[in-house]
Amino acid sequence: METSLEYLEWKKNRTRTTALACILILLYGIESQALEVTVLYYFSENFGLSLLQATFYYSVMETLFAVSNLISGILFGRYIDRTRNLRFVFLLNLGVICIGNLMYSIPWHIWSVMTGRFLCGINESLQTAVCDDKKTGPEKPIGND
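Residues numbered from 1 in each chain as written. Predicted model: local features only at pLDDT ≥ 70, side-chain atom pairs only at ≥ 80, totals over all residues. Heavy atoms only, no water.

A. Local environment of the pattern of salt bridges. Counting across every chain of the model gives two salt bridges. Among the ionic pairs, Glu9 bridges to Lys12, the shortest N-O distance being 4.0 Å. In this pair, Glu9 and Lys12 both sit in helix H1 (residues 5-47), three residues apart, roughly one turn of the helix. Judged by relative accessible area, which is 39%, Glu9 ranks as partly exposed. Accessibility expressed as a relative area gives 46% for Lys12, which makes it partly exposed. The closest approach of N and O atoms between Arg117 and Glu62, which form a salt bridge, is 3.4 Å. Of this pair, Arg117 sits in helix H4 (residues 110-121) while Glu62 sits in helix H2 (residues 51-83), placing them 55 residues apart in sequence. With respect to class, Arg117 is no different from Glu62; both count as buried. (Salt bridge = Lys/Arg side-chain N within 4 Å of Asp/Glu carboxyl O. Helix = DSSP H or I, 4+ residues; strand = E, 2+ residues; numbered from the N terminus. Buried < 20%, exposed > 50% of the residue type's maximum accessible area, 1.4 Å probe, protein only.)

This is how it looks when you write it as structure tokens:
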């Protein structure tokens, strides 16, 4: 099996996918850390909140981020197990994170910032999807006979 053309093609694609995923995860980590450092100032300056209120909304924002991370990890992991369509997960993650970043960079309302952060939490499921694809190998998708 290790010398078949299908396996060699899968291995080449897996290497490219892993490299792309590592770059995306690194960039998102940098963006996420930059947000966490500045979000209290962002809340207080743009929405006129006190430090206590800004801390409360920051806590709510991070809770929404974690909830969306949990839900999307389960859903995308299940989707990848069924279809093996990692490209769709990559494209969906990139689209959702663009919308989420736009929502919390333009201060319309404080809940638009919360919704944007919730959408950005979906991107964390990318790690689950890529690790699953690396682990399982090039066999047929489950449920597609």
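After that view of the structure, there is still more to cover.
B. Region of interest: the packing of H2 against H4. Two elements in contact, H2 and H4, have axes whose closest approach is 7 Å; the angle formed by their N-to-C orientations is 30°. For the element pair H2 and H4, the recorded crossing hand is right-handed. Packed against H2, whose contacting residues are Tyr57, Val60, Met61, Glu62, Leu64, Phe65, Val67, Ser68, Asn69 and Ser72, the element H4 presents Ile110, Trp111, Val113, Met114, Arg117, Phe118, Cys120 and Gly121 at the interface. (Axes fitted to C-alpha atoms, helices over the stretch in contact; angles between N-to-C directions. Left-handed = near helix turned anticlockwise from the far one by under 90°. Contact = heavy atoms within 4.5 Å.)

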